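Residue-level structural notes
Residues per chain are reported as follows:
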Amino acid sequence: DRPTLAVALLAGAAAAVVRLLPALAYPLWQDEVASARIMVEPTLGGALDRVAESESTPPLWYALAWAVEQTGLPVEAARGIGVAAGALLAGLLVLYAARLLPLWAAGFAGLVAALGSQLVLRGSELRAYALYALLALGFAWLLERAAEAPSRGRLVALWAVTAAGLLTHYFFLFLLLPGLLWVWRTPSFRSARARVTAAAALAVVPLLAWAPLLAEQVENQRFSWIGDFSLVKALSVYSAFAWNAGPLYVRDVVDLGVSEGAARLVVLSVVLVGCLVVRRLGRRGRLVALLALGPVALAALLWLAGENLFTTRNLLA
């Protein structure tokens, strides 16, 4: 309807503006310099080899950025991928949420996606995280459609967005697992389970082709700066999406203070209560709750087990 579309367009426009300004003005910073060095490789094979040497994420975004640079545009132009992804995320999130919530709440979700500090930062830089977040929303939408009516077109679309997500960030797997759990625990999807699961399983195949270079990335230990498990950091992750995350992830010992610690716990409480509320709104609400909590819980458990991979940007899904 027109009011929903208008709110979605406003959210998308706001997201584009706040990302475009720094994308046009800021000099390349440390991680972006690494991305730029990949982009200026003369061949795609050379670019992919450098991804394995210097990065901690899969190659899809870098291949897209490399293609942008090959057109003759400056490397900074590839920031447009993040700007476009951030704008689409904010606008489409309004449309997605409006199928479940009142328009004011859907609009607020779009506003958070448009103006949240981590999302703005990731959407204006020469990195893969904004595309990762957009693909996460596409996965949620297409998973639901494929489970409801597993036609060939819907299954292919689900396969494509899942394969793209897994080739953009390894943590996309933490989105895929709760999504499949939702399919298998929803009685009305009994006839669709096998086909949806097969589409998801086939989406892992392109990532398996990257596995030898993944092993090289693991050996390079690009996450050694994160530090050991911290319950304070894990509980603060949701607040860090729209609130300064720096102190939580660049220091081994975190002292938030009483007031900030309490405020971050309030944000966590709002998320948990929100998940309980939407879970009662039917199977779509249960999917939202699983996808909101599942990736963070799985990443936190992995962190607790000794794998130092837990950062806000890795959990934008």
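Residues numbered from 1 in each chain as written. Predicted model: local features only at pLDDT ≥ 70, side-chain atom pairs only at ≥ 80, totals over all residues. Heavy atoms only, no water.

1. As for the overall build of the chain
Convention followed: Each helix corresponds to a stretch of at least 4 residues labelled H or I by DSSP, and each strand to a stretch of at least 2 residues labelled E; elements are numbered beginning at the N terminus. Each residue gets one of three labels from its accessible area relative to the maximum for its type: buried under 20%, exposed over 50%, partly exposed in between, using a 1.4 Å probe on protein chains only. Contacts were defined at the residue level, with two residues in contact if any of their heavy atoms lie within 4.5 Å. Here the positive residues are Lys and Arg and the negative ones are Asp and Glu; neither His nor the chain ends is included. Taken as the charge location is NZ of Lys, CZ of Arg, CG of Asp or CD of Glu.
When you go through the chain residue by residue, the secondary structure sums to 18 helices and zero strands. Overall, the chain is about 55 × 50 × 45 Å in size when its C-alpha atoms are taken along their principal axes. Out of the 317 residues in the chain, the part that is buried amounts to 48%. Once local pairs closer than 6 in sequence are excluded, the contacts in the chain between residues at least 24 apart make up 73%. Separation between the mean location of the 25 positive side-chain charges and that of the 19 negative ones in the chain comes to 16 Å.

2. Structural notes on the pattern of salt bridges
Where we set the bar: Salt bridge, as used here, is a side-chain nitrogen of Lys or Arg placed within 4 Å of a carboxyl oxygen of Asp or Glu.
This model, assessed by the stated rule, comprises nine salt bridges. Arg 79 serves as the salt-bridge partner of Glu 32, at 2.9 Å between the closest nitrogen and oxygen. In this pair, Glu 32 sits in helix α2 (residues 30–39) while Arg 79 sits in helix α5 (residues 79–98), placing the two residues 47 residues apart along the sequence. With a closest N to O distance of 3.0 Å, Glu 260 and Arg 264 form a salt bridge. Here Glu 260 and its partner Arg 264 are both found in helix α17 (residues 258–279), four residues apart, which amounts to about one turn of the helix. One salt-bridge network, held together by shared partners, links Arg 99, Glu 144 and Arg 284.

3. Regarding the confidence of the model for the chain
Going by this rule: Every residue carries a pLDDT, the predictor's confidence in it, which falls somewhere between 0 and 100.
For the chain, per-residue confidence averages 92 on the pLDDT scale, and 95% of positions sit at 70 or higher. Least confident of the elements in the chain is helix α16 (residues 246–249), whose mean pLDDT is 63; most confident is helix α9 (residues 152–166), at 98.

4. Describing the packing of aromatic side chains
Quick reminder of the rule: Pairing of aromatic side chains requires ring centres within 6.5 Å, counting the rings of Phe and Tyr and the six-membered ring of Trp. Pairs whose planes differ by under 30 degrees are stacked, by over 60 edge-to-face, and all others tilted. Remark: a charge is flagged as sitting over a ring if the NZ atom of Lys or the CZ atom of Arg is within 6 Å of the ring centre and within 35 degrees of the ring normal.
Under the criterion given, the structure shown has eight aromatic pairs. An aromatic cluster is built from Phe 229, Trp 303 and Phe 310, whose rings are joined through pairwise contacts. Seen from the ring of Tyr 129, Arg 122 lies directly overhead, with NZ or CZ sitting 5.9 Å from the centre.

5. Description of helix α11 (residues 193–203)
Note the following rule: What the arc covers is the set of directions going from the helix axis to the C-beta atoms.
Every buried residue belonging to α11 is among Arg 193, Val 196, Ala 199, Ala 200 and Ala 203, and all of these are buried. Projected onto a plane normal to the axis of α11, the buried residues spread over an arc of 140 degrees and lie on a single side. In α11, those exposed residues whose orientation departs by more than 90 degrees from the buried face are Ala 194 and Leu 202. Buried residues along α11 sit in contact with α8 (129–148), α9, α10 (173–184) and α12 (205–209).

6. Overview of the layout of surface pockets
The following threshold applies: Here a cavity is any set of points on a 1 Å grid over the protein atoms alone where a 1.4 Å probe fits but cannot get out, and a pocket is any open set with protein on both sides within 12 Å along at least 5 of 7 lines; a residue lines the site when it has an atom within 4 Å of a point. Grid points are joined across faces, edges and corners, and a volume is the space filled by probe spheres set on the points. Just so you know the grouping, Ala, Val, Leu, Ile, Met, Phe, Trp, Tyr, Cys and Pro go in nonpolar, Asp, Glu, Lys and Arg go in charged, and all remaining residues, Gly too, go in polar.
Quantified by volume, the largest pocket comes out at close to 1,500 Å³. If you go around the largest pocket, you meet 39 residues; those closest to its centre are Leu 93, Ala 109, Val 112, Val 288 and Ala 292. Among the elements that make up the lining of the largest pocket, the one with the highest residue count is α17 (eight residues). Split into classes, the residues belonging to the lining of the largest pocket amount to 37 nonpolar, two polar and no charged.

7. Comments concerning the environment of Ser 188
Considering the arrangement of structural elements, one finds Ser 188 in the loop between α10 and α11. The class for Ser 188 is partly exposed, based on a relative accessible area of 46%. As for Ser 188 and Arg 154, which are separated by 34 residues in sequence, their C-alpha atoms are 17 Å apart.

8. Focus: a nonpolar patch on the surface
We apply this condition: Nonpolar side chains (Val, Leu, Ile, Met, Phe, Trp, Tyr) within 5 Å and like charges within 9 Å form the patches, drawn only from residues with over 30% relative accessible area and no salt bridge. Per-residue accessibility takes into account occlusion by the displayed protein chains alone, with areas from the Shrake-Rupley method and a 1.4 Å probe.
A cluster of nonpolar residues, Phe 229, Leu 231, Leu 235, Leu 265, Leu 301 and Leu 304, forms a patch on the protein surface that exposes about 550 Å² of accessible area. Every element with two or more residues in the nonpolar patch is listed here: α14 (231–235) and α18 (283–304). Locating Leu 235 in the fold gives a position in helix α14.

9. Here we look at the nonpolar core
To be explicit about the condition: Take the buried residues of types Ala, Val, Leu, Ile, Met, Phe, Trp, Tyr and Cys, join any two whose side-chain atoms come within 4.5 Å, and each joined set is a nonpolar core.
In this structure, Trp 61, Phe 139, Leu 143, Phe 172, Val 196, Phe 310 and Leu 315 are the most contacted members of the largest nonpolar core, which totals 71 residues. The element contributing the most residues to this core is α8, with 14 residues. Beyond its immediate stretch of four places on either side in the chain, Trp 61 contacts Ser 35, Ala 78, Ile 81, Leu 126, Arg 127, Ala 128 and Leu 131. Counting residues in hydrophobic clusters, the runner-up holds nine residues, among them Val 94, Ala 97, Ala 106 and Ala 113.

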